[in-house]
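Here's the letter readout for the chains.
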Amino acid sequence: QVQLVASGGGLVQAGSSLRLSCAASGRTFTDYIMGWFRQAPGKEREFVGLIIWNTGSTNYANSVKGRFTISRDNVKNTIYLQMNSLKPEDTAVYYCAVRAPGVTGFGSWGQGTQVTVSS
């Protein structure tokens, strides 16, 4: 069974940086796609970015492109979300998720980690 544990959230000032981690376990993820999503209070969950595990290719939402970077550590089975130049509108609970090969949606989700950016 796939388990995802997200960590690294916190309270930071606008313009600061923060790195989130998502430790994955339960299987090998070579052919999987790992994603980051976020949900702000009163808003729907939105896509932040993803990484294709075996190639390292990434894709980002326009709202974070150029500021956020996703990477992975194959040895630790962990993905990271490096967030730079944080803005108050980045405040949200951040979730990591995994999408299996041949599956349309992200089927397994971590518990979320809170990121709060003060102005």
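In what follows, the structure referred to is the one given above.
Note that the structure is predicted; figures quoted are calculated from it, not measured.

All right, on to the overall build of the protein chain then. On a plain count of helices and strands, the protein chain comes out with zero helices and eleven strands. Listing every helix and strand of the protein chain by position from the N terminus yields β-β-β-β-β-β-β-β-β-β-β. Since a compact globule built from 119 residues should have a radius of gyration of about 14 Å, the 13 Å found for the protein chain is in line with a globular shape. Overall, the C-alpha framework of the protein chain stretches about 40 × 25 × 25 Å when taken along its three principal axes. Considering the protein chain as a whole, with its 119 residues, one finds that 41% of them fall into the buried category. Here the contacts in the protein chain between residues at least 6 apart in sequence split such that 51% fall between residues at least 24 apart. Only carbon and sulfur atoms are counted for the fraction: they give 46% of the accessible area of the protein chain, which is about 6200 Å².

Another aspect to go through is the packing of aromatic side chains. On inspection of all chains with the given rule, the structure shows six aromatic pairs. Here the aromatic rings of Phe37 and Phe47 are separated by 5.7 Å at their centres, their planes lie at 70 degrees, and the arrangement is edge-to-face. Pair noted here: Phe37 is in strand β4 (residues 33-39) and Phe47 is in strand β5 (residues 46-52), with a separation of ten residues, a long-range link. Residue Phe47 is classed as partly exposed on the basis of its relative accessible area, which comes to 27%. Members of the aromatic cluster, joined through ring pairs, are Phe37, Phe47, Phe106 and Trp109. Looking at Arg19, its charged tip hangs above the ring of Tyr80, at a distance of 4.1 Å from the centre. The ring of Trp109 is capped by Arg45, whose NZ or CZ atom sits 3.8 Å from the centre of that ring.

Moving on: the pairing of strand β1 (residues 3-7). Within a regular strand, side chains alternate between the sheet's two faces. With burial as the criterion, only one face of β1 is covered, namely that bearing Leu4 and Ala6; the residues Gln3, Val5 and Ser7 on the opposite face remain uncovered. In this structure, β1 lies alongside strand β3 (residues 18-25), joined through five bridges in antiparallel fashion. Opposite Leu4, over in β3, you have Ala24 as the bridge partner.

Moving on, we get to the environment of Leu11. Relative to the assigned elements, Leu11 resides in strand β2 (residues 10-13). With 105 residues separating them along the chain, Leu11 and Thr116 place their C-alpha atoms 4.7 Å apart. Once residues within four sequence positions are removed from consideration, Leu11 is found in contact with Thr116 and Ser118.

Moving on, we get to the pairing of β5. Strand direction decides the pairing type here: β4 and β5, joined by six bridges, are antiparallel. Within β5, the residue paired with Gly35 across the bridge is Leu50. What sits between β4 and β5 in their antiparallel hairpin is a turn of six residues, with Gly42 showing a positive phi close to 75 degrees. Looking at chain direction, β5 and strand β6 (residues 58-60) are connected through three bridges and run antiparallel. Its bridge partner being in β6, Ile51 is matched across the sheet by Thr58. Connecting β5 to the antiparallel partner β6 that follows it, the hairpin turn spans five residues, and Gly56 within it adopts a positive phi of roughly 80 degrees.

Rules of the game
- Residues numbered from 1 in each chain as written.
- Predicted model: local features only at pLDDT ≥ 70, side-chain atom pairs only at ≥ 80, totals over all residues.
- Heavy atoms only, no water.
- Helix = DSSP H or I, 4+ residues; strand = E, 2+ residues; numbered from the N terminus.
- Rg over C-alpha atoms; globule rule 2.2 N^0.38 Å.
- Buried < 20%, exposed > 50% of the residue type's maximum accessible area, 1.4 Å probe, protein only.
- Contact = heavy atoms within 4.5 Å.
- Areas by Shrake-Rupley, 256 points an atom, 1.4 Å probe, with all protein chains shown as cover.
- Phe/Tyr/Trp six-rings, centres within 6.5 Å; stacked < 30°, edge-to-face > 60°.
- Lys NZ or Arg CZ within 6 Å of the ring centre and 35° of its normal.
- Pairing = 2+ DSSP bridges.

Honestly, that's just the spatial picture; any functional story needs more than this.
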